[in-house]
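# Chains, contacts and geometry: an overview
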Amino acid sequence: MARPSISDGCQCLRFRLSQSSRSFSLTPRRCEILDVSALPDRILPKYKQSSASSLLSLHWPEPPRNILIIPKLHAPKATLSAASFANHIHSEYPNLNLIFERRVASAIHDSLPFPLYTSDPGQFPGKVDLVTTLGGDGTILRAASLFSLHASVPPILSFSMGTLGFLGEWKFEEYKRAWREVYMSGSRVAVTDLQDPHTQAATQGRQDGDEGHLDSNWEGVRGKSMGLTRSSKILLRHRLKVGVYDAAGININEQLIPTSTAEPQQFVSQTPLGFEGVGLEEQAMSRQFHAVNELVIHRGPNPHLAIIDVYVNNHFLTEAVADGILISTPTGSTAYSLSAGGSIMHPLVKTLLITPICPRSLSFRPLGLPLNTKVVLKLSEKNRGRELEVSIDGKRRAGVTIGMEIRVEGETVGRTPDGSWAGGVPCVIRSPSKGDGDRDGIAEDDDGWVGGLIGLLKFNYPFGEGQ
């Protein structure tokens with residue numbers, strides 16, 4: 001049976017309207033769902049560091065155009081909020097192209113007075129300038145997994161609408177301010193265009209002539225800036241590079257299966273070489289998966305403990321006898337690794353963590369290693385259960401057997417020759433506002449992370465009477 005076109009629903013709606021006695025027409029653009037391939041190629045932002053902050057500043061060379069909006073799966077409230085957000089930014093900011101996953105585009109396109117864009121996720125890396133998520137930590141991981149085959153990830157602006165929201169920086173009620181900051185970041189809006197009189201007074205007499213001119217690319221959005229120096233802050237979250245190899249040493253990453261929390265159409269495919277915005281060297285590395293949280297190998301339904309040989313920089317470290325092993329990033333240290341007894345690491349620490357899951361030996365403790373360490377997990381011949389399960393961020397899984405191995409190392413995050421930064425997942429960090437209350441003793445860079453430890457994870461939370 002032929003697959004129905006995504007525009008069939010619009011055609012049916014026009015037919016029903018034509019049968020009505022009332023004569024009016026529906027604007028065709030309202031019902032259009034267009035293909036992402038028609039959009040311009042991705043704009044690559046730059047990230048700059050200042051001596052006043054350990055976070056980076058976001059600088060767009062021109063306004064972002066192609067925006068991918070990802071609401072939480074199976075959450076009608078998040079989907080409705082995504083439609084409201086899309087309607088606002090499209091009406092207030094010029095020349096935006098809004099991209100959704102297929103199922104979301106089909107659900108909301110009738111309610112929006114402008115066309116939406118969609119495609120298979122394989123086309124997103126070459127087209128998406130900025131990602132916005134509405135959900136919890138899992139939604140952020142799902143968004144990052146769309147770029148798991150690529151070294152370059154667009155900035156992610158996240159609104160916390162999920163269960164925990166430890167990684168989500170912004171409340172959805174703040175979406176107008178959050179979007180304005182990230183869109184205008186790098187625009188160099190003139191002092192006379194600023195809305196905040198206190199900021200205007202503070203910047204009087206500034207000698208930097210370049211700071212006082214509005215970039216011509218932002219001419220159509222005067223007055224939208226939050227202030228002359230309020231560029232969005234970016235945290236580059238480290239990732240792991242993961243390869244699964246068979247007994248013959250052949251990479252079999254293409255055999256990893258998407259899980260139920262991944263986009264259904266997200267299969268591993270070869271990226272077309274040479275599209276603008278992503279280099280050939282990066283595309284040649286497409287067989288490496290990137291994980292934001294962790295790589296986990298575990299015994300699954302087998303009743304026997306897993307036996308895994310662990311190698312560090314080609315040196316044998318130990319024979320692990322346990323339910324499994326986790327290799328985590330600092331971001332993943334507050335996820336599965338934390339539940340397994342691992343240490344909590346600040347996301348700016350360049351490290352990877354090896355955490356055993358229910359080890360037989362009580363002396364097998366979690367281990368922190370430099371980020372560039374090469375770790376190999378190899379299934380021992382002693383395994384009684386002949387197959388173990390491997391999962392990458394909960395988005396990809398595979399079964400591995402005797403003789404197979406998993407190779408893991410940290411992704412390089414650092415400066416590029418032009419002075420910018422590359423690598424990692426750029427997450428837009430919420431800037432404090434006047435109503436955030438007393439923040440004495442908490443550095444601006446650590447505000448969200450420390451607040452998450454205390455408020456969400458209940459770090460060292462007292463118990464009993466008198467708490």
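Details of the structure are given in the entry above.
Keep in mind that this is a model prediction, so the values were computed, not measured. (Residues numbered from 1 in each chain as written. Predicted model: local features only at pLDDT ≥ 70, side-chain atom pairs only at ≥ 80, totals over all residues. Heavy atoms only, no water.)

In this sheet, strand 19 (residues 387–392) lies alongside strand 13 (residues 294–298) in antiparallel orientation, the contact comprising 4 bridges. From the neighbouring strand, V296 faces strand 19, where its bridge partner is S391. Relative to strand 20 (residues 396–401), strand 19 is paired through 6 bridges, and the arrangement is antiparallel. By the bridge assignment for strand 20, E387 is matched with T401. Linking strand 19 back to strand 20 in an antiparallel pair, the connection comprises 3 residues, with D393 at a positive phi of about 55 degrees. (Pairing = 2+ DSSP bridges. Helix = DSSP H or I, 4+ residues; strand = E, 2+ residues; numbered from the N terminus.)

Mapped onto the elements of the fold, D309 is located in strand 14 (residues 306–312). The buried charged residue D309 lacks any salt bridge, with K382 as its nearest oppositely charged partner at 6.7 Å. The contact partners of D309, leaving out residues within four places of it in the chain, are F316, T318, E319, V376, L377, K378 and S380. (Buried < 20%, exposed > 50% of the residue type's maximum accessible area, 1.4 Å probe, protein only. Lys, Arg positive; Asp, Glu negative; His and termini not counted. Salt bridge = Lys/Arg side-chain N within 4 Å of Asp/Glu carboxyl O. Contact = heavy atoms within 4.5 Å.)

Considering all chains together, one arrives at 9 aromatic pairs under this definition. Geometrically, the ring pair formed by F172 and Y175 is stacked, given 4.8 Å between the ring centres and 20 degrees between the ring planes. Accessibility expressed as a relative area gives 15% for Y175, which makes it buried. Among the aromatic residues, ring-to-ring pairing joins F85, Y93, F159, F172, Y175, W179 and Y183 into one connected group. The positively charged end of R407 is found above the aromatic ring belonging to Y245, 3.7 Å away from the centroid. One Lys or Arg, K458, reaches over the ring of Y461 and ends 5.3 Å from the middle of that ring. (Phe/Tyr/Trp six-rings, centres within 6.5 Å; stacked < 30°, edge-to-face > 60°. Lys NZ or Arg CZ within 6 Å of the ring centre and 35° of its normal.)

Among the 6 residues in strand 21 (residues 405–410), 5 count as buried, and that is most of the element. In the sheet, strand 10 (residues 240–245) pairs with strand 21 via 6 bridges, with the strands oriented antiparallel. Bridged to V242 within strand 21 is V408. Across 4 bridges, the pairing between strand 18 (residues 375–379) and strand 21 is antiparallel. Bridged to K378 within strand 21 is E405.

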